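Notes for the structure review
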Amino acid sequence: MIKRVALLGSTGSIGTNTLRVLKGLPDRFELVSLCAGRNAELLCVQAEHWRPKRVCIDRGAKAVRARLAPLGIEVLEGRSGMRELSVDPDVDLVINGLAAGVGLRPTLAAVRAGKDVAIANKETLVVAGHLVTAWAKQTGATLLPIDSETTPLWHLLQETDRDDVKRIVLPASGGPFFDHTREQMAGVSPAEALDHPTWQMGPKITIDSATLMNKGFEVIEAQWFLNLPVSKIDVIIHRQSIVHCLVEYVDGGMVAHLSTPDMQLPIQQALVHPQKLPTQVEPLDLARVGTLSFFPPDTARFPCLQLAYRAVEQGGTAPAVLNAANEVAVYAFLDNRIGFLDISRVIASTLDDREAHRDADTLEAIFEADRWGRVRANELICSLVSQK
Ligand code: MG
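A few points on the structure. (Residues numbered from 1 in each chain as written. Predicted model: local features only at pLDDT ≥ 70, side-chain atom pairs only at ≥ 80, totals over all residues. Heavy atoms only, no water.)

1. Points about the overall build of the protein
Heads up, the condition is: Under the DSSP-based scheme used, a helix requires at least four consecutive residues in state H or I and a strand at least two consecutive residues in state E, with every element numbered from the N terminus. What the globule rule says is 2.2 Å times the number of residues to the power 0.38, and the radius of gyration is computed from C-alpha atoms. Classification of residues uses two cut-offs on accessible area relative to the type maximum, computed with a 1.4 Å probe and protein chains only: under 20% is buried, over 50% is exposed, and between them is partly exposed.
Looking only at helices and strands, the protein features 17 helices and eleven strands. Against the compact-globule benchmark of 21 Å for 388 residues, the protein has a radius of gyration of 20 Å, which places it among compact chains. Projected onto its principal axes, the C-alpha coordinates of the protein cover approximately 55 × 50 × 40 Å. The burial tally for the protein puts 55% of its 388 residues in the buried class.

2. Structural notes on the sheet that holds strand β4 (residues 74–77)
For clarity, the threshold we go by: In this analysis, strands are considered paired if DSSP registers two or more bridges between them. Structural elements are reduced to axes, namely lines fitted to C-alpha atoms, with helices fitted over the stretch in contact, and the angle between N-to-C directions of any two is expressed from 0 to 180 degrees.
The strand order β4-β3-β2-β1-β5-β6-β7 describes an open sheet built from seven strands, whose pairing is parallel. Each of the sheet's edge strands pairs with one partner strand only, and the pair in question is β4 and β7 (143–145). Taken pair by pair, the neighbouring strands of this sheet meet at an average axis angle of 20 degrees, ignoring direction. Strand direction decides the pairing type here: strand β5 (residues 93–96) and strand β6 (residues 116–119), joined by four bridges, are parallel. Across the sheet, residue L93 finds its bridge partner in β6, namely D116.

3. Some points on the coordination of the magnesium ion
The test is simple: Coordination here is defined by N, O and S atoms within 2.8 Å of the metal (3.2 Å for Na, K and Ca), and since water is not considered, a site can look incomplete.
Coordination of the magnesium ion by the protein comes from D147 (OD), E149 (OE) and E218 (OE), over a distance range of 2.0 to 2.2 Å. Mapped onto the sequence, the residues coordinating the magnesium ion show the spacing D-x1-E-x68-E. Of this pair, E149 sits in the loop between β7 and α7 (150–156) while E218 is found in helix α11 (residues 213–226), placing the two residues 69 residues apart along the sequence.

4. Concerning unusual backbone geometry
Across the junction of H273 and P274, the peptide omega takes the value 5 degrees, indicating a cis bond. Counting through the fold element by element, P274 comes out in the loop between α12 (264–272) and α13 (286–289). The phi angle at N227 is positive, at roughly 55 degrees, despite the residue not being glycine. Mapped onto the secondary structure, N227 falls in the loop between α11 and β9 (233–237).

5. Section: the pattern of salt bridges
Formally: Each salt bridge in this description consists of a side-chain nitrogen of Lys or Arg and a carboxyl oxygen of Asp or Glu lying within 4 Å of one another.
Counted by the stated rule, this structure contains 27 salt bridges. Ionic pairing is found between E30 and K53, a salt bridge with its closest N-O pair at 3.5 Å. Taken together, the residues span a long stretch of sequence, with E30 in strand β2 (residues 29–36) and K53 in the loop between α2 (40–50) and β3 (54–57) at a distance of 23 residues. On the accessibility criterion, E30 (34% relative accessible area) is partly exposed. Assessed through its relative accessible area of 46%, K53 is described here as partly exposed. Between E379 and R376 there is a salt bridge, with the nearest N and O atoms lying 2.7 Å from each other. Of the two residues, E379 and R376 both sit in helix α17 (residues 363–387), three residues apart, roughly one turn of that helix.

6. Digging into the environment of G15
If you trace the backbone, G15 turns up in helix α1 (residues 13–23). Here the alpha-carbon distance between G15 and N96, two residues 81 residues apart in the chain, equals 8.4 Å.

7. Some remarks on a negative patch on the surface
Condition: Residues forming no salt bridge and having over 30% relative accessible area are the ones grouped into patches, like charges within 9 Å of each other and nonpolar side chains (Val, Leu, Ile, Met, Phe, Trp, Tyr) within 5 Å. Accessible surface area values rest on a Shrake-Rupley calculation with a 1.4 Å probe, where residue burial reflects the displayed protein chains alone. Under the convention used here, Asp and Glu are negative, Lys and Arg are positive, and both His and the chain ends fall outside the count. Positions of charges follow a simple convention, taking NZ of Lys, CZ of Arg, CG of Asp or CD of Glu.
A cluster of acidic side chains, namely D161, D163, D164 and D251, defines a negative patch on the protein surface. Summarising the element assignment, D164 is placed in the loop between α7 and β8 (165–172). On the basis of relative accessibility, which here comes to 38%, the residue D164 falls in the partly exposed class.

As far as function goes, none of this settles anything; it's purely spatial.
Here's what the structure looks like:
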């Protein structure tokens, strides 16, 4: 049976890689709709090629409509449009590659409508993992992770008794400041932080990789996707991004998943699970790679990783606050308002507040915590800026 797909975030790195994967699987998937944030030009080019029934753009639908309406493509706008694509009765699978905060609501809407959702937007499970997984159980929606670490882990652990797993290990590239001292990190510019050694991604996730918060989010995300406590999830620095995950069993044996770093592999793994089909991913020549190196993460230089574990320990709304404070701080850094090391300072101070961890039983409580976290982080940033 052909699966009908809504692709959210089609112009980003996940979206463009997903289109490459779908191109190779024309007998299995039909692209019904595309959704983009701001890149109207690329959205139009994609729509002209793929001829979906509908597209949605966050802002500026008028110009897009002028170009695509003659092709019979309906053009929607903004959050309501995104929601409409997510709950469309003509869609079986929603692939969510939207950036950060905007991705949460469409995922929730799709899960509540019982759609299968492939989630590359890890913030969704960071802030509301307990609710999303509970709703998916109720509605029968399948949640598929799209992440170079979580997707192969999810595959490896499908048939595995969780009691047999001693721990899993998520490798992190270490980002561009792996060798930097704290003093050096204090002075790095946004441009230096955006220069990731192995992956090409959007600015938010690239900064998250440089601070290791991305790995912290993956730890939180992995507990929900893999049904494992965070106490069984460790992180290791692995510079080459060749080993994408490790599973250590109680008998002392370890299994690793290796490949050339290319997002097309985890995307296809998630989409055609449980099958394996050929991809365009460059074969891995280990003899040419030669050496694979591993280091323990240095949490004194990269405190964000520890903050993620701390938020899980605090529980309730703390992961939502962690995410909110991080997002505000990352954009303040990208705007040159605060320094690189201030990102973790702002998050830590926000989490220190008693308001940061309340009950997170409802979506409203989570949205309120998100709003509060943003306000608090902004206050802290303003006081840092005024001290400069
Ligand atoms: Mg990853």
